[in-house]
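# Close look at the chain arrangement
So the chains spell out like this:
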Amino acid sequence: MTILAFACQRDTLSAALDRARKIVAGRNTIPILSNLLLRLDADGTLTIKGTDLDIETSVQVENVDVVTPGATTVPAAAFAATVAKMAAGRVIIDATDTALTVRAGRARTTFQTFPADDFPDISAKVATHTFTIPHLDLRRIYEKCDFAISNEETRYYLCGVYLRTIDGQLVATATDGHRLSRLALEMPDGAEDMPGIIIPDRTVSMFRELADKEDVPIQVGLSENFIRLRSPKMTIYSRLVDGTYPDSERIIPRGNNQVAIVELAALVAAIDRLIVLTDKDRRAYRMEFTAGQITMFSKADAGEAEDTIDAACDFDLTVGFNGKYLQDMCKTMIGPKLRLEMGDAGSPPLIRDEGDPTRELVLMPMRV
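For the structure given in this document, a descriptive report is provided here. In this text the structure is predicted, and so the values were computed from the model without any measurement. (Residues numbered from 1 in each chain as written. Predicted model: local features only at pLDDT ≥ 70, side-chain atom pairs only at ≥ 80, totals over all residues. Heavy atoms only, no water.)

Moving on: the sheet that holds strand β19 (residues 284-290). Strands sit in the order β21-β20-β19-β22 across an open sheet of four strands; the sheet is antiparallel. Either end of the sheet is taken by a strand with one partner, and the two such strands are β21 (303-310) and β22 (317-322). Adjacent strand axes in the sheet meet at a mean angle of 20° when their direction is disregarded. Packing against the sheet, helix α6 (residues 264-274) makes contact with β19, β20 (293-300) and β21, and its axis sits at approximately 175° to β21. On top of the sheet, helix α7 (residues 323-331) reaches β19 and β22; it is set at about 80° to β22, its chief contact. (Pairing = 2+ DSSP bridges. Helix = DSSP H or I, 4+ residues; strand = E, 2+ residues; numbered from the N terminus. Axes fitted to C-alpha atoms, helices over the stretch in contact; angles between N-to-C directions. Contact = heavy atoms within 4.5 Å.)

Laid out in structure tokens, this is it:
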């Protein structure tokens, strides 16, 4: 007996499957978590859901040609790969209680299924705070903060972006203890009294999927233990990191008074040349600030390298940095110039992107 049947353009369905399955693990101790839920309404809306019990993604495909509305689940990775490889044009899908078949042209593939009623629903929570935020703001949180998120499970409270309100702004912060990125955004109406929350790294990486490249409003609902983000085509529900984030504002050294201004392109080029000859474990760079220039040094078993770039500075200071961390940081900047506010050799600098006044970055020094 058919419990679900429809037809859809291959490319439309394939794109939706790719977005929905990003958080689905290939192997699970709970087999149904390797599946996607397909639910088709009589109005032609197909909803595709994936979950790992911490995050749930839900993608909607509209104007599907409905034959039989209903629901089932299907193996995520294999089904998505099969649809992507089908002949261009329409694909036809029908499911019984135990199997789902996808057809296009003369090709046909059948998958074993699990009942839709067995698929877990983790999103039935009521938000205590709701507001709307531009999608480009969410993309900027990912692009400007993700590189600084910790991956050390022992410090799980650093494995995400800390989002809170400060002085009338919505502030996103990420740090792994070696580097810190702070992004200040315009405060959305309704977010004024929201609690400080830690959004997990994997959820932050999904921000870019919410609306493709369109800048559409994203509806946000949250409480102290979950966040829900909804665009016209996709919904993400996620548990939050349960922990206390360190006082990152106290870490930011806003009192440094030795200032060097450099061209971003020149600094990036020098880093790229020197990183070839660095110890792969420490990636240590020595940077010597003198009047009008910065000289950078690196070395490894194979040899050593030196490069000098022009800088607007009038002080003498030698400090060490992890070159890879510095490189990652520069990749998130607009430029054309960076402002390095230095302390002494043992103190972290405050780094500002002169093309983006919403950013503040901190990089811990190292011994060289």
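After that view, the rundown keeps rolling.
Moving on to α7. Buried residues dominate α7, accounting for seven of its nine residues. Listed as buried for α7 are G323, Y325, L326, Q327, D328, M329 and C330. Two or three places before K324, at the start of α7, stands the capping residue N322, its side-chain oxygen 2.9 Å from that residue's backbone nitrogen. (Buried < 20%, exposed > 50% of the residue type's maximum accessible area, 1.4 Å probe, protein only. Polar contact = N/O pair within 3.5 Å; in protein donor to acceptor, adjacent residues only side chain to side chain.)

What follows covers the nonpolar core. Core analysis: the biggest nonpolar cluster contains 97 residues, and I48, F79 and F289 have the highest contact counts within it. If one sorts the elements of this core by residue count, α6 sits on top with five residues. Among residues more than four places away in sequence, those in contact with F289 are A260, I294, F315, D316, L317, V319, L340 and M342. (Core = buried A, V, L, I, M, F, W, Y, C linked by side-chain atoms within 4.5 Å.)

Right, let's talk about the pairing of strand β7 (residues 90-95) for a bit. Burial along β7 is one-sided: the residues V91, I93 and A95 are buried and none of R90, I92 and D94 is. Pairing geometry for strand β1 (residues 4-9) and β7, over six bridges, is antiparallel. Counterpart to A7 in the pairing with β7 is I92. Hairpin connection of β7 to strand β8 (residues 99-104): three residues between the antiparallel strands.

Among the secondary structure elements, R182 is positioned in strand β13 (residues 179-186). Taking relative accessible area as the criterion, R182 reaches 8% and is therefore assigned buried. A polar side-chain atom of R182 sits 2.8 Å from a polar atom in the side chain of E249. The contact partners of R182, leaving out residues within four places of it in the chain, are I166, V171, A172, T173, E249, I252, R254, T358, R359 and E360.

A separate point is unusual backbone geometry. Glycine aside, a negative phi is what most residues show, and trans is what most peptide bonds show. At the junction of G335 and P336, the peptide bond is cis and its omega measures out at 10° in the coordinates. Secondary-structure assignment places P336 in the loop between α7 and β23 (337-342). The phi angle at L53 is positive, at roughly 80°, despite the residue not being glycine. On the secondary structure map, L53 appears in the loop between β3 (46-51) and β4 (55-61). Unlike most non-glycine residues, D167 shows phi in positive territory, near 50°. Its location among the elements puts D167 in the loop between β11 (160-166) and β12 (169-175).

This brings us to the pattern of salt bridges. Inspection of the entire model under this criterion finds 24 salt bridges. When the shortest N-O distance is used, the salt bridge between R155 and E152 registers 3.7 Å. E152 gets classed as partly exposed once you look at its relative accessible area, which sits at 33%. The salt bridge partner of E360 is R182, with a shortest N-O separation of 3.8 Å. Taken as a pair, E360 in strand β25 (residues 359-363) and R182 in strand β13 lie far apart in primary sequence, 178 residues in all. Judged on exposure class, the residue E360 and its partner R182 are both buried. (Salt bridge = Lys/Arg side-chain N within 4 Å of Asp/Glu carboxyl O.)

Right, let's get into the packing of aromatic side chains. Per the stated rule, a full pass over the model turns up five aromatic pairs. Here F79 and F111 contribute two aromatic rings whose centre-to-centre distance is 5.8 Å and whose plane-to-plane angle is 90°, an arrangement assigned as edge-to-face. Of this pair, F79 sits in helix α2 (residues 76-85) while F111 sits in strand β9 (residues 107-112), and the two are 32 residues apart along the sequence. Across this residue pair, the class does not change: F79 and F111 are buried. (Phe/Tyr/Trp six-rings, centres within 6.5 Å; stacked < 30°, edge-to-face > 60°.)

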